[in-house]
Every structure is written in C-alpha cells, then in structure tokens.
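As a plain string of letters, each chain reads:
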Amino acid sequence: ILDKLRPDIRKRDLRHFYTRLGANFYAIHSLFHRLYGHRKDFEDQLLRLVSVMATGYIARKPALKDLDIDREKDHLWFLSQEWAGMALYLDGFAGNLPGLAEKLPYLQELGINLIHIMPILECPAGASDGGYAVSDFRNINARAGTMQDLQSLADQLRRRNMLLTLDVVVNHTSDEHEWARRSRQGEQQFQDYYYVFDNRDIPDLFEQTLPEIFPQTSPGNFTYDEAMGKWVMTVFNSYQWDLNYSNPAVFIEMLDIILFWANQGADIVRLDAVAFLWKKIGTTSQTEREAHLILQLFKDCCQVTAPGVLFIAEALVAPV
C-alpha cells in the first residue's frame, strides 16, 4: 500500500505517521476487511483510506503535531480531573465566534476549560434541525463567523490550555448537500452514498421493524424525492438523507471530514447519532454490531493521523 501512495505523499517526511500506521494497521485492516472485505474493490478502497489519513497528517499544523506527541506520552490525559466543560449555543451565549473569544477570560474565571460549541456547520435556513442537517461539512454558517475566526479561537484556546469540542454529524446529510444534489442529477456514484430505491419494495421491508424517531412531525423512514423519482431513507426528518456506510466510499469521505475538523483545532470531536450508522432489514437498525465497528475504525484511523484528538458520541439509544 505504501508503495502505491501518490508520489507527492511518498516524498514527504512522514516518520511519525508511518510509526503510528504500523502500530495500528493490523486493527485498521481487520476492521476494514470485516466491513468491506467482500467487495472486489477492497484493496483500492484501502489504498484510498490510507491516502486520506496521510493527506490529513501532512495538512496538520506543527503546533497540533506537537500536541499529538505530548498527549501520546500521557495517553490518559483526558481522564484528568482538571477538565470542567460547558456546552453552549454560540448565538445565545456570545453572538458569534469573535464574541466567544472575548469571553474566554470570563470562562476561565468560572473554572471552565473545555468548551463544546453546539453545531455551527452550514445548514439550510428553515430545514436545519438545529444544526444537524448539514449542507456543507467543510464550512460554518455565516452567523457564527468565518473559518478564520474559528481557527483564531482554537489558537487562543490552545494557548490558554482550554479544549475545543465541535460536532460532526456522521449519520446523515441535508438534502441540499452536494452529494444529494448530484444524486438528484442521476449520478449513481452519489446515489450509492445514500439508501436510494426505485420503488417501495425494500423500504416496506425496512419499515416492518424500523421505529419512527419523529412520528408526529416526520412519520415513516423514507421520503419520495420528486426530482430523482426514487425513495430515500430519511430516519430523522424528510430533509435529512441517511448515509449508507455499507459503501466504503462513505466511510472514507466521513473520515476525511472528521480529520478536517481535527486539523482546524478541535481537541474533541462529538459524533452525532452514531447508534444509527448501520441499517439492516429485520432489525431496528440501531446499535448494530457494525455501528460499533465503524466507530472503532474511525478512532483507529484518527489515532494514526491526529492521535491527540478525542472522540465523544451521542448516547441516544439505550444499550442492550
């Protein structure tokens, strides 16, 4: 796999990356093979996975790489009793990111040193689900500020030894996301990113055991898309299309997005709606074994590229 990496990747100084890849590769390969080993393109997808991890490492700032090394030496750093966290809606607490930066001395005076900013990624107005229907995974909404504002805040937090937590919605996208738009245009590659069906046959099989999340406001788990002329799985709201993690390209895309936010300075990434990541006919499609494997694989891959980053996840569904 390393021999097949692009020349622009191979010529870089990747000593720490290769060491971490070697330490974690057996687990990564085992998990990736368990999920996708039956596919003919398994080796090609595995190469893409390693390429994404390497590209994320190359893009990581020196200050963040130094932090990774420090946290590797003290790998239980996040269990320290010094951390006192606060979750906040940016507009309600400080207006925007520059406003939050101005309040950092006040938060420190309170003893707060871990800030969880509720979702600020780009969402359509009027169909945002409070920030959880993302139309652009690599940009924030204009009301919050700019990406430069976010990076400035992350730098200030790091200098104050304060932690930044950001949300990444991993189960679904807005129906206005580029992948959904290209699905409507008939591109099969992007229709394969979702659960898309020509008729109700398979959706009706799913519906026999799928519970409804919002039965009063969004009944059922599938929505007919007029432009595409097909049915799409929409477990939460009709405007939130569920991602299909049985497609390794989806996993690789979402890993790339997680690493992108790690490289913006997030110390902690909160993964949303993780219990729903794997859909299986005849089940509730919640907390399936594969969903746990996907989370393990996300973590093992992040351990190679950005080992100083911690994951937390939404515990929405009671464990069995």
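Here's what I pulled together on the structure shown here. Given the structure is predicted, the values throughout are model-derived calculations rather than measurements.

**Some thoughts on helix α13 (residues 289-305)**
- Given a rise of 1.5 Å per residue, 17 residues ought to cover 24 Å, and the 25 Å separating the end C-alpha atoms of α13 matches this to within 8%.
- Three or more residues of α13 are buried, namely E290, A291, L293, I294, L297, F298, D300, C301, C302, V304 and T305.
- The secondary structure elements touched by the buried residues of α13 are α2 (15-36), α3 (42-59), α4 (62-73), α12 (248-263) and β12 (310-313).

**Re a nonpolar patch on the surface**
- Together, L76, F78 and L79 line one region of the surface with nonpolar side chains, adding up to about 270 Å² of accessible area.
- You can see L79 is positioned in the loop between α4 and β1 (85-88).
- Overall, L79 belongs to the exposed group, its relative accessible area being 52%.

**Regarding the sheet that holds strand β2 (residues 114-117)**
- The five strands are arranged β1-β2-β5-β11-β12 in an open sheet whose pairing can be described as parallel. Looking at which strands have only one partner, the edges of the open sheet turn out to be β1 and β12. Taking each pair of neighbouring strands and ignoring which way they run, the sheet shows an average axis angle of 25°.
- The pairing of strand β11 (residues 268-272) with β12 spans four bridges and is classified as parallel. By the bridge assignment, V269 is partnered in β12 with F311.
- The strands touched by helix α8 (residues 147-159) within the sheet are β2 and β5 (163-169), with β5 carrying the most contacts at an inclination of about 140°.

**Description of empty space enclosed by the protein**
- Inspection of the entire model under this criterion finds one cavity of 30 Å³ or more.
- Here the largest cavity defines a volume of roughly 50 Å³.
- Along the walls of the largest cavity sit I117, M118, P119, I120, L121, L150, L166, D167 and W261, which together make up its complete lining.
- Looking at the lining of the largest cavity, its residues break down into eight nonpolar, no polar and one charged.

**Structural notes on the layout of surface pockets**
- Of the voids in this model, the largest pocket is the one considered here, and its volume is about 330 Å³.
- D91, P119, I120, N141 and R143 are the residues nearest the centre of the largest pocket, which is lined by 19 residues in total.
- By residue class, the composition of the lining of the largest pocket is ten nonpolar, six polar and three charged.

**Considering the packing of α2 against α13**
- With their axes 8 Å apart at the nearest point, α2 and α13 run at an angle of 165° to one another. The orientation of α2 relative to α13 falls into the category roughly antiparallel. Where α2 crosses over α13, the handedness of that crossing is left-handed. When α2 is examined against α13, the residues F17, R20, L21, N24, A27, I28, L31, F32, R34 and L35 are found in contact with a partner set consisting of R289, E290, L293, I294, Q296, L297, D300, C301, Q303, V304 and T305.

**Regarding the packing of aromatic side chains**
- Summed over the entire model, instances satisfying the criterion amount to 20 aromatic pairs.
- Both rings, one in F32 and one in F42, keep their centres 5.6 Å apart while their planes meet at 35°; by these two values the pair is tilted. With F32 in helix α2 and F42 in helix α3, this residue pair connects regions lying ten residues apart in the sequence.
- Its guanidinium or amino end placed over the ring of Y57, K65 lies 4.0 Å from that ring's centre, counting from NZ or CZ.
- For R71, the ring lying beneath its charged end belongs to W77, and the centroid distance is 4.1 Å.

Definitions and cut-offs
Residues numbered from 1 in each chain as written. Predicted model: local features only at pLDDT ≥ 70, side-chain atom pairs only at ≥ 80, totals over all residues. Heavy atoms only, no water. Helix = DSSP H or I, 4+ residues; strand = E, 2+ residues; numbered from the N terminus. Expected span 1.5 Å × (residues − 1). Buried < 20%, exposed > 50% of the residue type's maximum accessible area, 1.4 Å probe, protein only. Contact = heavy atoms within 4.5 Å. Patch = residues over 30% accessible without salt bridge, like charges linked within 9 Å, V, L, I, M, F, W, Y side chains within 5 Å. Areas by Shrake-Rupley, 256 points an atom, 1.4 Å probe, with all protein chains shown as cover. Salt bridge = Lys/Arg side-chain N within 4 Å of Asp/Glu carboxyl O. Pairing = 2+ DSSP bridges. Axes fitted to C-alpha atoms, helices over the stretch in contact; angles between N-to-C directions. 1 Å grid on protein atoms, 1.4 Å probe; cavity = no way out; pocket = protein on both sides within 12 Å on 5 of 7 lines; lining within 4 Å. Points joined across faces, edges and corners; volume = space filled by probe spheres on them. Nonpolar A, V, L, I, M, F, W, Y, C, P; charged D, E, K, R; others polar. Parallel < 35°, antiparallel > 145°, perpendicular 65-115°, else oblique. Left-handed = near helix turned anticlockwise from the far one by under 90°. Phe/Tyr/Trp six-rings, centres within 6.5 Å; stacked < 30°, edge-to-face > 60°. Lys NZ or Arg CZ within 6 Å of the ring centre and 35° of its normal.

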